[in-house]
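Here are the chains, one letter per residue:
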Amino acid sequence: MALASLASLGSVPAARGRIPLAGHTVPLWRRPLAFLASQRPKGGMVRVDVGPLPVYLVTDPELAYEVLVTKAASLGRGRLYERLRPVLGLGLAMSDGGEHRRQRRLVRAALRGVPPARYTEISAHHAEELTSAWRTAEMVRVDEAMFDLVLGILLEAAFSSGLGRAAAAEIRFSTRVVAKGVLGRAITPRLLDRLPNPPHQRYDAAAARLRFVVDTLIEDRRADDGGFDDLLSLLMAARDPETGAGMTDDRIRDELVTLLMAGTEQAAATLAWSFHELARHPEVADRLREEVDRVLDGRPCAPGDPPRLAYTQRVLNEVVRLHAAPLLPRRTCSPVKIGGMHVPEGTELAVSPYAMHRNPWLFPYPERLDPDRWVSTEGSRILPRGAFLPFGDGGRRCVGDAIAWTVMTVAVAAVCSRWRLRPAGWHRVREVPAAVPRPDALPMIVENR
Ligand code: HEM
């Protein structure tokens, strides 16, 4: 059927709460995640007006699968991403089409070049260092501790021993500033760039410093490329199988910054939520500790252990379900049929894993942390494709998912084999929108088990 003769986007309903001229800016500003989770339109698509810009929000698994997988060739990055170029450059998260496919092949090959056992060893070492420094009754900002932990692990995987103290401190500082400011920067209209805005200035300066430090590390490695087997060396050695071409140093820097930013923010937020959820569900925490004790018997995780921690991984599966990406934005780069509708070129779409994962038709009692919903028994319901998207799907699916599972399993096991974390009663934790929502702050008290 010709595209033009199909139903048009005009038939897609607008989400409730729209105000003339302002669109849905008010609910998006005041309670964005609750607003997204409340969207369950009949046809699986609803229009959300971000000021004057209509964005078609996809909350139905079948449509999400079309957007992310089967029709992905007609979709590129959405507008939100354009604003991230000063920090992510031409890194994987920013490119499209054939360029993206070629680059992704190289990055995946480099990531796979570090054996999974190495990620387990590095994670176990860093997690031990962190948890052995905690003291009974101490208050720990778990969100910050997890950020430092994941970044430390990724930095060691990327630069092994080649990273000096000063460079490590600079990367830690800048990455934190960039991670905090990234969403504000992405949604601020370009028009306002000229106005003085201290948070944006801090963000821009941190982005520039982060890129500068990584540039210097690449330069140093070019001068002494003796026998490293880390991600940096693997990215330098990566060659396109068709053309034999490698990456320029600028591109290697963009990929490293992308991996550090994408990996740290999301895995750290998920880990922080894990401890928040375990504290709210003592029966789940007891079962997890029982498993960790049985499998590890008091020793740190070793290669081969993470897959044996099956209950721990089911808990993490629930955490990534409940605290998933609010939006995976896309823009059509050619006219395309989606959900039987004609979608013209230049349309902004966004799949919402967050909304989907909280849909009771897909996940009964969705607000409940229930690791056993992932036990497959005879007769258990099979989820439709496109319904569970913590790592996205298709050609843009997360390239760090396996690393994330290792890092997170090892870290949860390390904390739970030594400590119980109790919420510090004075703070009510809020979900802050980000690539993966993060806690605004997560102060917890360390207790003996
Ligand atoms: C719990 C942890 C993580 C979660 C929930 C997560 C989630 C995601 C999601 C949903 C996407 C797809 C975005 C889209 O379709 O628009 C993505 C892409 C990506 N992730 Fe992750 N991620 C995690 C950890 C990591 C780690 C540890 C790394 C790196 C070591 C990483 C690197 C990336 C990169 C580079 C992309 C872009 C892929 C592309 O565009 O081809 N992520 N991630």
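Computed from a predicted structure; not experimentally measured. The numbers attached to residues start from 1 for each chain and follow its sequence in the written order. Residue-level local features of this predicted model are given only where pLDDT is at least 70; pairs of side-chain atoms are given and counted only at 80 or more, and the full residue set underlies all totals for whole chains, interfaces and linings. Hydrogens and waters are ignored; side-chain quantities use all the structure's heavy atoms.

## Regarding the coordination of the iron atom of the ligand
For Na, K and Ca the donor cut-off is 3.2 Å, and for all other metals it is 2.8 Å, counting N, O and S atoms only; because water is absent from this set, sites may look incomplete. Protein coordination of the iron atom of the ligand is limited to a single donor, Cys398 (SG), which sits 2.3 Å from the metal. Along the chain, the position of Cys398 falls in the loop between α15 (353–357) and α16 (401–418). Helix and strand assignments follow DSSP, with helices taken as H or I runs no shorter than four residues and strands as E runs no shorter than two, numbered in order from the N terminus.

## Structural notes on the pattern of salt bridges
What makes a salt bridge here is a side-chain nitrogen of Lys or Arg within 4 Å of a carboxyl oxygen of Asp or Glu, nothing more. Tallied over the full model, the rule gives 38 salt bridges. As a salt-bridge pair, Asp49 and Arg47 come within 2.9 Å of each other at their nearest N and O atoms. Buried means the residue's accessible area, taken with a 1.4 Å probe over protein chains only, is under 20% of the maximum for its type, while exposed means over 50%, and partly exposed covers the values in between. For Asp49, a relative accessible area of 5% corresponds to the buried category. Assessed through its relative accessible area of 21%, Arg47 is described here as partly exposed. Between Arg251 and Glu99 there is a salt bridge, and its shortest N-O distance comes to 2.7 Å. Of this pair, Arg251 sits in helix α12 (residues 249–280) while Glu99 is found in helix α6 (residues 97–113), placing the two residues 152 residues apart along the sequence. Connected via shared salt-bridge partners are Arg211, Asp215, Asp250, Arg253 and Asp254.

## Comments concerning the environment of Leu92
Residue position: Leu92 is located in the loop between α5 (85–88) and α6. Once the C-alpha coordinates of Leu92 and Thr409 are considered, the two residues, 317 residues apart in sequence, prove to be 26 Å apart. With sequence-adjacent residues up to four places away left out, Leu92 is seen in contact with His100, Gln103, Arg104, Val107, Glu255, Thr258, Arg396 and Val399. Contacts are assigned to residue pairs with any non-hydrogen atoms lying within 4.5 Å of each other.

## Brief notes about the domain arrangement of the chain
An automatic or database domain assignment provides the domain bounds reported here. By the assigned domains, the chain splits into domain 1 (1–70 + 326–387) and domain 2 (71–324 + 390–448). Each of domain 1 and domain 2 has a C-alpha centre, and the two are 26 Å apart. Domain 1 puts 37 residues into the contact, and the matching count from domain 2 is 39 residues. Of the roughly 3200 Å² buried between domain 1 and domain 2 on both sides combined, carbon and sulfur atoms contribute 58%. In this assembly, domain 1 and domain 2 are joined by four salt bridges. Note that Glu318 is salt-bridged to Arg373, the shortest N-O span being 3.1 Å. For the purposes of these results, a polar contact is taken to be a pair of N or O atoms within 3.5 Å, where, inside protein, one atom must be able to donate a hydrogen and its partner to accept one; residues adjacent in sequence count only when each atom of the pair is a side-chain atom. Across the contact surface, domain 1 and domain 2 share 17 residue pairs in polar contact (both at pLDDT 80 or more). Put simply, the parts of the chain that give the side of domain 1 that touches domain 2 at least two residues each are α2 (32–37), α3 (61–70), β6 (328–332), β7 (336–338), β9 (348–351) and α15. Among the elements that make up the side of domain 1 that touches domain 2, the one with the highest residue count is α3 (six residues). Its residues assigned to classes, the side of domain 1 that touches domain 2 comprises 22 nonpolar, four polar and 11 charged. By buried area we mean how much accessible surface two parts lose on assembly, using a 1.4 Å probe and totalling the loss over both. Asp, Glu, Lys and Arg are counted as charged, while Ala, Val, Leu, Ile, Met, Phe, Trp, Tyr, Cys and Pro are counted as nonpolar; the rest, among them Gly, fall into the polar class.

## Description of the packing of α12 against helix α13 (residues 282–296)
Angles here are taken between N-to-C directions and fall from 0 to 180 degrees, while the axes themselves are lines fitted to C-alpha atoms, restricted in helices to the stretch in contact. It is at 5 Å that the axes of α12 and α13 come closest, and there the two elements cross at 110°. One finds that α12 runs roughly perpendicular with respect to α13. Side by side, α12 and α13 meet where Leu278, Ala279 and Arg280 of the first sit next to Pro282, Val284, Ala285 and Leu288 of the second. Among the residues making up the contact of α12 with α13, the classes are represented as six nonpolar, no polar and one charged. Oblique is the label for every angle not falling under 35 degrees (roughly parallel), over 145 degrees (roughly antiparallel), or within 65 to 115 degrees (roughly perpendicular).

## Concerning the environment of Glu290
Inspection of the secondary structure assignment puts Glu290 in helix α13. Of the residues examined, Glu290 reaches a relative accessible area of 42% and is grouped as partly exposed.

## Examining the sheet that holds strand β8 (residues 341–343)
Read from one edge of the open sheet, three strands run β1-β8-β7, paired in mixed fashion. The sheet is open, and its two edges are formed by β1 (7–8) and β7, each paired on a single side. Judged from the two bridges that link them, β1 and β8 form a sheet pairing that is parallel. Across the sheet, the residue bridging to Ala7 is Met341, located in β8. In this description, strands pair whenever DSSP reports at least two bridges between them.

## Some thoughts on the packing of aromatic side chains
Given two aromatic rings, one states the distance between the centres and the angle between the planes to describe the pair. Only centres within 6.5 Å qualify two rings of Phe, Tyr or Trp (six-membered ring in Trp) as a pair; their planes then separate them into stacked at under 30 degrees, edge-to-face at over 60, and tilted for everything else. The final tally for this structure, using the stated rule, is four aromatic pairs. With centroids separated by 6.3 Å and ring planes inclined at 50°, the aromatic side chains of Phe363 and Trp374 adopt a geometry described as tilted. Of this pair, Phe363 sits in the loop between α15 and α16 while Trp374 sits in the loop between α15 and α16, and the two are 11 residues apart along the sequence. Judged by its relative accessible area of 22%, Trp374 falls in the partly exposed class. Ring geometry for Trp374 versus Phe388: centroids 4.5 Å apart, planes at 40°, classification tilted. With Trp374 in the loop between α15 and α16 and Phe388 in the loop between α15 and α16, this pair connects stretches of sequence that are 14 residues apart. Here Phe388 falls in the partly exposed class, since its relative accessible area comes to 23%.

## Some remarks on the nonpolar core
The definition of a nonpolar core used throughout is a set of buried Ala, Val, Leu, Ile, Met, Phe, Trp, Tyr and Cys residues joined through side-chain atoms within 4.5 Å. Judged by nonpolar contacts, the single largest core of 96 residues is most densely connected at Trp134, Met146, Phe159, Ile171, Leu256 and Phe275. In contact with Met146, not counting residues within four places along its chain, are Leu130, Trp134, Ala268, Leu271, Ala272 and Phe275. Ranked by size, the runner-up nonpolar core spans 23 residues in total, among them Val58, Leu75, Ala325 and Val351.

## Observations concerning the site of the ligand
Neighbouring residues are identified by heavy atoms, a residue being near a molecule or strand if any of them is within 4 Å of it. Inspection of the region around the ligand gives 25 residues, with Arg77, His100, Arg104, Arg330 and Cys398 positioned closest. Between the ligand and Arg77 there is a distance of 2.9 Å, counted from an oxygen atom to a side-chain nitrogen or oxygen. Within the side chain of Arg396, a nitrogen or oxygen atom sits 3.1 Å from an oxygen atom of the ligand. Of all the secondary structure elements, the ones that give two or more residues to the shell around the ligand are α6, α12, β6 and α16. Per-element tally for the shell around the ligand: the top contributor is α12, with seven residues.

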